[in-house]
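Notes for the structure review
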Amino acid sequence: MKILKQAFTIALLFATSVSYADNGKDLRLWYKQPARLWHAEGLPLGNGRMGAMMMGGINTDTIQFNEISLWSGDNNWDGDYETGDRGFGSYRDFGRFVVDFNNIGTVHAYTRSLNLTTGVQNTSFESNGIKFIRESFASNPDQMLVFRFAASKKGALSGKISMTSAQGAISKANGKTLSFLGEMPNKLKYASKLLIVNEGGSVRMEGNTLVFDKCNSFIVYLDARTNYKPDYNSGWRGDDPMPVIEKEQAAVLKLDYKNLLNRHIKDISRLNAAATIDVGKTLDAVLAQPIDVRLKQYAAGSNDPDLEETIFQYGRYLLVSSSRPGSLPANLQGLWNNSNNPPWASDYHNNINVQMNYWAAESTNLSECHVPLIDFIIAAQEPCRIATRKAFGQNTRGWTARTSQSIYGGNGWEWNIPASAWYAQHVYEHWAFTQDKNYLQQKAYPILKEICNYWEDRLKKMPDGTLLVPNGWSPEHGPREDGVMHDQQLVWDLFQNYLEAAGALGVDADYQGKVKDMLIHLGPNKIGRWGQLQEWQTDRDDPDDQHRHTSHLFAVYPGHQISPTTTPELAKAAIISLRSRSGNYGKNINTPFTVESTIGDSRRSWSWPWRCGMWARLGDGDKAGMMIRGLLKYNTLPNLFTTHPPFQLDGNFGISGTIPEMLLQSHAGEISLLPAIPKSWEAKGSFKGLKARGGFTVECSWENGKVISYKITSKEQKKIKVRVNGEVKETLSVVI
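The structure reproduced in this document is the subject of the present report. Keep in mind that this is a model prediction, so the values were computed, not measured. The numbers attached to residues start from 1 for each chain and follow its sequence in the written order. For a predicted model such as this one, the threshold for reporting local features is a pLDDT of at least 70, and the threshold for listing and counting side-chain atom pairs is 80 or more; totals across whole chains, interfaces and linings nevertheless cover every residue. Side-chain numbers come from the whole structure's heavy atoms, not from hydrogens or water.

When a carboxyl oxygen of Asp or Glu lies within 4 Å of a side-chain nitrogen of Lys or Arg, that pair is called a salt bridge. Summed over the entire model, instances satisfying the criterion amount to 40 salt bridges. Between Glu 450 and Arg 385 there is a salt bridge whose closest N-O contact spans 2.7 Å. Taken together, the positions of Glu 450 in helix α12 (residues 437-458) and Arg 385 in helix α10 (residues 367-392) put the pair 65 residues apart, joining distant regions of the chain. Taking the shortest distance from any N to any O, the salt bridge between Arg 548 and Asp 601 comes out at 3.0 Å. Helix and strand definitions here come from DSSP, where helices need a minimum of 4 consecutive H or I residues and strands a minimum of 2 consecutive E residues; each element is numbered from the N-terminal end.

So this is what it looks like as structure tokens:
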């Protein structure tokens, strides 16, 4: 009876690893060899707060992990990370644990994979007639990193586990646990605890390691925390981390493994599967290849629409994994960092990067994943007010920020004066897509109004009555001067969004009048001497400039001031500017526009998605599609992480936000279906779960580039204009 019970348990452990395959397309990253390079080949897990990178080692499996609030630096409101002034700090590496196995021997049939629907990572291989399976996931409901190791033969697992803090704390063994705790120089407390639950065999301490011997299987539960609290008035510090960890691990031990796994899959699949796209069918022979091979084939010119769908879903998976309510927002590296000196401090860069991280949040049905960014904005307001008053005068109302921000309200590097206006767009868009009136009244509206106050005080009135943003900068390009178009467009967007919000609430009629007057008098966009949309008030644009930033095209995307239907001449000028930045104007004006013709500084992981969104808004699906191919060809690593270089994840997040702009747009007072579909997607396709402003959820199917069916749903029935196959119709949404 005991033998039968053990056999059943082992069979169950193997069954759970394969019983949650995606019901639709095979949305997995999979490989035939272990990872060698952490940033290029490791596979990421995350529950919003904690993350881990899975390397899939055989005899030695190293799991590096992070907790997103482990930051160096102090609580100062106006630091400079480049000079170290006031200790701006950076996002740090938490640690790693290593599992060393005894005598596995030569292996075959090796695979490792990450399921983008279930958020489960698997490694499997065979050796000496024994099948080994390792299964891992990051649970948000139970706030735990979970790693299961199993073998098809009883007693086949022996070895040892060690754990190391990347911040110098000493790891200690106690019973079946390893733990460390310490304090950063900035007095931030941190702690981690690993516990092992084995079936069969034994586990014992040996120095500061755990030795497992002749186990059938074992599960490792890992938790890590700091005493960070997102509250300026509390000095950014809260409860000690270890008691919280021990409470969470005690709760997890009351659940069996299958229940824990089911809770995780139910939670994460709800988000990962909330929006899907189908833009074509990849050949079976191509699908039979691992992702790294397919990526090389695609870069060489092959068609692989399933790979394009995968990069869309991967960005969504990464956002779900690194941005959940109650945690901090995704930063430059998302949640995954293995360095104590990461590029750009692994910070919150607010001149495009952190905003791009969240472009997919609303349009791809991940509104709750937008909340950490909004909470971050709210938490940073008071230290930003202090920094703003010091920089711009003690009587300054409202606030803005420097380009680089920390979790302690810290501001580093150059002042990005319209930063708060760009943040306000995200605050507003969360309302526009969700129609949550309580959120609008309690959170969004006060932020929008206060930032309008800042610009009411700051705008410079010219002799002709126009209003210019003084002393602006077109990131990261050109001199500081009055009336930079990037700044003008951001303030236009802010005022427009404020008026929409105030109108929805029916409040502040007098102030609405004031904002309308400022909006009317804002200095307009200009068309320059070679037909381009000017970047500055002075017509100095160089037609052979391939700078990575396209800041003066904010009004095209993610703004909505310029479009082919409402401002056709400005849209034509924007097209010329966009071609120029891609190396397809000036001396190369007669060069065909291709993926390869986008040259030089423009080949950046985050530049491709931004330009994808712009081409989509300008109605050119083929060029938008080229931007997807460019990202995958030039700036995507074997694990599909995007690289600037260096590695940073705004390209992954961004492309998931701009691909939907090719299929659905809702910024111009109507829902437009297939506004910019490339020829390569025209044959047959569909999407489900994409969101439109006004609280609508949309699904659509097409053949030969024409919509053949669609459905628009909402919580309450509403009239909506829909542009279908070039014709505008008025219809009613379906109540769900």
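The next subject is the nonpolar core. Core analysis: the largest hydrophobic core is formed by 196 residues, its most contacted members being Trp 455, Phe 495 and Phe 687. Once residues within four sequence positions are removed from consideration, Phe 495 is found in contact with Cys 452, Trp 455, Leu 459, Val 515, Met 518, Leu 519 and Leu 522. In this description, a nonpolar core means a group of buried Ala, Val, Leu, Ile, Met, Phe, Trp, Tyr and Cys residues linked to one another through side-chain atoms lying within 4.5 Å. Accessibility here uses a 1.4 Å probe with only protein chains present; expressed as a share of the type maximum, an area under 20% marks a residue as buried, one over 50% as exposed, and anything in between as partly exposed. By definition, residues are in contact when any of their heavy atoms lie within 4.5 Å.

Take the sheet that holds strand β27 (residues 684-692) next. Here, any two strands with at least 2 DSSP bridges between them count as paired. Strands sit in the order β17-β27-β28-β29-β32 across an open sheet of 5 strands; the sheet is mixed. The open sheet is flanked by β17 (276-278) and β32 (734-735), the only strands paired with a single partner. In this sheet, strand β28 (residues 696-703) lies alongside β27 in antiparallel orientation, the contact comprising 7 bridges. Each residue of the ladder has a partner; that of Ala 692, found in β28, is Phe 696.

So, on to the packing of helix α11 (residues 419-434) against helix α13 (residues 485-505). At a minimum axis distance of 9 Å, the contact between α11 and α13 shows a crossing angle of 35°. For the element pair α11 and α13, the recorded crossing hand is left-handed. Across from Ala 421, Trp 422, Ala 424, Gln 425, Tyr 428 and Trp 431 in α11, the residues of α13 making contact are His 486, Leu 490, Asp 493, Leu 494, Asn 497, Glu 500, Ala 501 and Ala 504. Residues that form the contact of α11 with α13 fall into these classes: 9 nonpolar, 3 polar and 2 charged. Here, axes are lines fitted to C-alpha atoms. For helices the fit covers the stretch in contact, and angles between N-to-C directions go from 0 to 180 degrees. Helix crossings get a hand from a simple test, with the near helix turned counterclockwise from the far one by less than a right angle marking a left-handed crossing and a clockwise turn marking a right-handed one. When residues are grouped by polarity, Ala, Val, Leu, Ile, Met, Phe, Trp, Tyr, Cys and Pro land in nonpolar, Asp, Glu, Lys and Arg in charged, and all others, Gly among them, in polar.

Cavity and pocket criteria rest on a 1 Å grid covering protein atoms alone: a 1.4 Å probe that fits but cannot get out defines a cavity, protein on both sides within 12 Å along at least 5 of 7 lines defines an open pocket, and an atom within 4 Å of a point defines a lining residue. Grid points are joined across faces, edges and corners, and a volume is the space filled by probe spheres set on the points. For the structure shown, the criterion picks out 5 cavities of 30 Å³ or more. Lining the largest cavity are 15 residues, with Trp 359, Glu 429, Phe 433, Tyr 557 and Arg 693 sitting closest to its centre. Sorting the residues of the lining of the largest cavity by element identifies α9 (359-363), α11 and α18 (650-663) as the ones contributing at least two each. For the lining of the largest cavity, the element with the highest residue contribution is α11, accounting for 4 residues. Grouping the amino acids of the lining of the largest cavity by side-chain chemistry returns 5 nonpolar, 5 polar and 5 charged.

Most peptide bonds adopt trans geometry, and most residues besides glycine take a negative phi value. In this chain, Tyr 557 is followed by Pro 558 through a cis amide linkage whose omega measures 10°. By the secondary structure assignment, Pro 558 is in the loop between α14 (509-521) and α15 (568-581). Cis rather than trans, the peptide bond between Pro 645 and Pro 646 has omega equal to 5°. You can see Pro 646 is positioned in the loop between α17 (621-634) and α18. Of note in this structure, Asn 471 is not a glycine but carries a positive phi near 50°. The residue Asn 471 is located in the loop between β22 (467-468) and β23 (472-474) in this model. Relative accessible area serves as the criterion here: at 37%, Asn 471 is assigned to the partly exposed category. The backbone phi angle of Asp 508 is positive, close to 50°, even though this residue is not glycine. By relative accessible area, which is 30% here, Asp 508 ends up partly exposed.

Another aspect to go through is the pairing of strand β15 (residues 209-215). Summarising burial for β15: 5 of the 7 residues are buried, a large majority. The sheet contact formed by strand β10 (residues 157-165) and β15 spans 4 bridges and is antiparallel. Looking at β15, one finds that Lys 160 is bridged to Val 211. Pairing of strand β14 (residues 202-206) with β15, which is carried by 5 bridges, proceeds in the antiparallel orientation. Bridging from a neighbouring strand, Glu 206 pairs with Thr 209 of β15. As consecutive antiparallel partners, β14 and β15 are separated by 2 residues, and within that stretch Gly 207 has a phi angle of approximately 65°, a positive value.

What follows deals with the packing of aromatic side chains. In summary, the pairing rule links any two rings of Phe, Tyr or Trp, Trp by its six-membered ring, whose centres are within 6.5 Å, and it sorts them by plane angle into stacked for under 30 degrees, edge-to-face for over 60 and tilted for everything else. With the rule as written, the count across this model stands at 34 aromatic pairs. With a centroid separation of 5.0 Å and an interplanar angle of 90°, the aromatic rings of Tyr 454 and Trp 455 are classed as edge-to-face. As far as the burial class goes, Tyr 454 and Trp 455 line up, both buried. Aromatic pair Phe 593 and Trp 615: ring centres 5.6 Å apart, planes at 80°, arrangement edge-to-face. A residue pair is termed long-range when its members are at least 10 positions apart, and Phe 593 in the loop between α15 and α16 (607-617) and Trp 615 in helix α16 qualify at 22 residues. On the basis of relative accessible area, Phe 593 is assigned to the buried category, the value being 12%. An aromatic cluster is defined as three or more aromatic residues linked by ring pairs; in this entry it consists of Trp 38, Tyr 314, Tyr 317, Phe 641 and Phe 647. Only when the NZ atom of a Lys or the CZ atom of an Arg is both within 6 Å of the ring centre and within 35 degrees of the ring normal do we say a charge sits over the ring. In this structure, Arg 603 is placed above the aromatic ring of Tyr 634, and the distance from its NZ or CZ to the ring centre is 3.8 Å.

The next point concerns the environment of Asn 340. When you line up the elements, Asn 340 lands in the loop between α7 (305-322) and β18 (348-349). Given the relative accessible area of 30%, Asn 340 is considered partly exposed. The spatial distance from the C-alpha of Asn 340 to the C-alpha of Glu 450 is 36 Å, given a sequence separation of 110 residues. Those residues within four positions of Asn 340 in sequence are excluded, and the remaining contacts are Ser 90, Arg 92, Asp 93, Ala 166 and Gln 167. For Asn 340, the side chain forms a polar contact with the main-chain nitrogen of Asp 93, separated by 3.3 Å. A 3.5 Å cut-off defines polar contacts: any pair of N or O atoms within that distance qualifies, except that in protein one atom must be a possible hydrogen donor and the other a possible acceptor, and neighbouring residues in sequence count only when both atoms are side-chain atoms.

The next thing to look at is the sheet that holds strand β16 (residues 217-226). Taken in spatial order, the 9 strands of this open sheet run β1-β6-β7-β8-β9-β16-β13-β12-β11, and their pairing is antiparallel. Single-partner strands in this sheet number two, and they are β1 (28-31) and β11 (172-174). When strand polarity is set aside, the average angle formed by the axes of neighbouring strands in this sheet is 15°. As defined by bridge partners, strand β12 (residues 177-183) adjoins strand β13 (residues 189-199) across 7 bridges and the pair is classed as antiparallel.

Before going further, it helps to examine helix α6 (residues 291-299). Considered for burial, the residues of α6 that qualify are Ile 291, Asp 292, Arg 294, Leu 295 and Tyr 298. Buried residues in α6, looked at end-on, bunch into an arc of 160°, giving them a common side. An arc is given here, and it is the one of the directions from the helix axis to the C-beta atoms.

With that settled, the discussion passes to the side chain of Asp 541. On the secondary structure map, Asp 541 appears in the loop between α14 and α15. Positive residues here are Lys and Arg, negative ones are Asp and Glu, while His and the chain termini are left out of the count. Buried Asp 541, no salt bridge; nearest opposite-charge side chain is Arg 581, N-O distance 5.1 Å. A polar atom in the side chain of Asp 541 sits 3.1 Å from the side chain of Gln 532.

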